[in-house]
Amino acid sequence: MTENVSKTRKKASRRYLALWFPFLSADRLQRRRNGAGPDEAQRPLVIVEKEKGALRIFAVDRHAARLGLAPGLALADARARIPQLTVADRDAKADAWLIERLELLCERYTPTVAFDHPNGLILDVTGCAHLWNGEAGLRTEIIDWLARQGFEARATIAGTPDASRALARFSRTAIVREGEDERAVSKLPVTALAGLERETIVALTRAGLKTIGDVAARPPQVLAARFGQSFITQLHRTLSQEIAPLAPLRPEPVISVERRFAEPLSQTEALEAVLADLIAEAARALEARDEGGRTFEASFFRSDGHVRRLTVETGRPSREAATILKLYRERLDTLAEPIEAGFGFDVIRLTIAITENLIAAQSPLMNVMEDARMREMEAVGALIDRLIVRFGRDRVLRFETENTHNPSRADRLVPADTMFAKVKAQTSWTSPEAGEPPLRPHHLFDPPQPIEALAEVPDGPPRRFRWRRMLHDVVRAEGPERIAPEWWRKAHGEPDRDYYRVEDAMGCRFWIFRQGLYGEGQAHPPWFIHGLFA
C-alpha cells in the first residue's frame, strides 16, 4: 500500500500520537539481563545517581514500582525495605542514544517524529491511521511492536502534541475524539502541564487549583501576572487552544511514498523492483508539482527493528525515474555491506527532502533538442551524479573563483554538483587577451619557494636567480605588479609583494616576487618563486 503522506496531511485535521516510556532505563538494562540467571532476573531493579553526596533512585523497573519504590527515594531507604535489590548506575548517554534510536525506529509509522523530554516521543500520524484500519489499530500496532522490541510504552492520540503528551503521561486515555481535547485534559492534575517548576506546582496546589480545569477557569490576566505569560501559553497548548510546532529529529520530507507488506519481504532481489516502483510514483508526484528532486532517500525497515537508509543526490533537480534508479543501482553496487533481508522488510519508503523548480533542460523534449551545449551539460551532470554516488560528495570537487586579488586565495575547491545550483554570482575566470601570455600561472607553489636573485637596480626585476641549485639568466621580464595583502586579513608587519613574469635563456617562464622594498626594514628583501607557466 502506498501513501503520499505530505498531500494527505494537508487535507486532514492534524492528529498526534504521544509515546511515553515509563521504564526506559530499566528496559534498556533488562534487555541485557535476559541472559542472566533466574534469581537475578526476578530481583527488582533500580537505577541510581548521586545527588548532594547521597545515592538516590533515578528510575525503577516494573517489579520495583509494584513494591512501592519510586524515583527520588534514597538507596539506603530502598535497601532497608527490600534488601535483595539489583542496583545499576545511571548512564545518561546510553539513555539518550536509546531514545534517539527509538525515534528513528518509529519512522516506520510516520516520517515526522519528535523527542518529548523526558523519555517520550511525539508522532504526527495525520493521514496514517487508515493503513491500520483506524487510530485504534495504529495505536495497538505501535504498542505491540515496541513490546516485541522489549519496551513498555503508553500511548495517546489527540489533536495537539501537548494534549496527547499530557494524557499519555497522566491518564490511561487511549484516543481522544476530535474536538474533545479540552474536556479530556481538564481532568488531569496541574503537574501534567509541561515545564512547570516545583514552586509553581506548590503555589497552584495551595491556591486550591489541583486540576488543569481549575486553572483554566481562572482569569488568564491574573494567572499571567502571577506565573508569567509562558505559563498561559503552555496552558493554552495543553487545552488544544494553541498548537506548538514539532521539532522532528529529521525534517518532514516534501514527498514521501512507501510500500507496506502484510508478510515481510525476504527476497533481496525484489528490492530493486519495489524501489523502481516507488521512484516512478515519486516522479509522478514531482511532475504534478512542476518540480524536480535533489535529494532522494530510500529507507528499508526490517521487521526486527533494523533500519537501512540509502541517499542519492543530483546536481540538478530531476524527476527522470530511469536516471534516479540508475544512481541507486550505482549506490547498491558500491555498498561495503550489502543490504540483508534478515527477517524480512515490512516497510520500504522513498522520501524527497529537497525539491526545486525544474529547469528547461529537464523537460521531456530534451532528447530531441538540438542545442549541443544543453546536451553537454546534461552529460556532465549525469557523470557528476554517478561519481558522487560512487565516491562521495566530499571527494568529487571542482574549482570556483573567489573575488580577491590575492593569488593564493583566487580559487577554492567546492563540491562539483554545486555548478548547477542557484548560488550567488561568482567572479569569472580571467582570460588573457588574444596573442598575450596568461596573467597567472596554472601551477602555484604553496608556500612560495625562496630563491637567490640579483637585480641591476634595487627596485627592478632580477637579471639572474638561483633556484634548486640551478642558475637562471633572465632574458625577458615584465612587471612589477604590486599586490598588497587584504587589509581585513593582513598580518601585522606583512609587506607588499612586487610580482614579475620572467623568461630565462632556456625559454622557461616563471612568476616570481620580491617581498617588501629596499630600505623598509631590511637591506635586501627576499625573493620567491610563486608559480610556473606552461
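Preceding this section is the structure that the text describes.
Worth saying up front: this structure is predicted, and the values here are computed from it rather than measured. Every residue gets a number counted from 1 within its own chain, in the order that chain's sequence is written. Note on the predicted model: pLDDT of at least 70 is required for a residue's local features to be given, and 80 or more for side-chain atom pairs to be given and counted; whole-chain, interface and lining totals, by contrast, use all residues. To get the side-chain values, all heavy atoms of the structure are used, and hydrogens and water are removed first.

Asks: Would you mind going over the overall build of the protein in detail, with residue names and values included?
Replies: Going along the chain from the N terminus, every DSSP run of H or I of four or more residues is numbered as a helix, and every run of E of two or more is numbered as a strand. On a plain count of helices and strands, the protein comes out with 16 helices and 19 strands. In the protein, buried positions account for 43% of the 534 residues. Relative to all contacts within the protein whose residues are 6 or more apart in sequence, the contacts with residues 24 or more apart total 60%. Only the protein chains shown count as covering a residue, and every accessible area follows the Shrake-Rupley method with a 1.4 Å probe. About 29100 Å² of surface is accessible on the protein, with carbon and sulfur atoms providing 51% of the total. Exposed residues in this analysis have more than 50% of their type's maximum accessible area, buried residues have under 20%, and partly exposed residues fall in between, with area computed by a 1.4 Å probe over protein chains only. Residues are treated as being in contact if the distance between any of their heavy atoms lies within 4.5 Å.

Asks: Got a sec to walk through a nonpolar patch on the surface? Specific residues and values, please.
Replies: Together, Leu 383, Leu 387 and Phe 391 give the surface a local cluster of nonpolar side chains, amounting to about 250 Å² of exposed area. As for its position among the elements, Leu 387 is in helix H16 (residues 372-391). In this structure Leu 387 comes out as partly exposed when scored by relative accessible area, which is 31%. Only residues above 30% relative accessible area that lack a salt bridge enter a patch, with like-charged residues linked at up to 9 Å and the nonpolar side chains Val, Leu, Ile, Met, Phe, Trp and Tyr linked at up to 5 Å. By definition here, a salt bridge exists when the distance from a side-chain nitrogen of Lys or Arg to a carboxyl oxygen of Asp or Glu is within 4 Å.

Asks: Tell me what's going on with the pattern of salt bridges, and back it up with residues and numbers.
Replies: With the rule as written, the count across this model stands at 32 salt bridges. When the shortest N-O distance is used, the salt bridge between Arg 177 and Glu 180 registers 3.2 Å. Exposure remark for Arg 177: the relative accessible area of 58% places this residue in the exposed category. Arg 440 is the partner of Glu 481 in a salt bridge, and the nearest nitrogen-oxygen pair spans 2.8 Å. With Glu 481 in strand S16 (residues 470-483) and Arg 440 in the loop between strand S13 (411-415) and strand S14 (443-455), this pair connects stretches of sequence that are 41 residues apart. On the basis of relative accessibility, which here comes to 33%, the residue Glu 481 falls in the partly exposed class. Sharing partners across several salt bridges, the network here consists of Glu 107, Arg 250, Glu 297 and Arg 309.

Asks: Outline the pairing of strand S19 (residues 527-532), listing residues and values.
Replies: Burial within S19 is extensive, with 5 of its 6 residues counted as buried. Two strands are counted as paired when DSSP detects at least two bridges linking them. Across 5 bridges, S14 lies against S19 in antiparallel orientation. From the neighbouring strand, His 443 faces S19, where its bridge partner is Leu 532. When strand S18 (residues 509-515) meets S19, the two strands line up antiparallel, connected through 5 bridges. For Arg 514, the partnering residue across the bridge sits in S19 and is Trp 527.

Asks: Describe the sheet that holds strand S7 (residues 154-158), and please don't skip the residues or the numbers.
Replies: The strand order across the open sheet formed by 4 strands is S5-S6-S1-S7, and the pairing between neighbours is antiparallel. Both edges of this open sheet fall to strand S5 (113-116) and S7, since each of them pairs with a single strand only. Between one strand axis and the next, the sheet turns through 20° on average, direction left out of account. Relative to strand S6 (residues 120-124), strand S1 (residues 16-20) is paired through 5 bridges, and the arrangement is antiparallel. Bridged to Leu 19 within S6 is Leu 121. Against the sheet, helix H7 (residues 135-148) touches S1, S6 and S7, its axis set at about 155° to S7. Only the stretch in contact is used when fitting a helix axis, every axis being a line fitted to C-alpha atoms; angles between N-to-C directions are given from 0 to 180 degrees.

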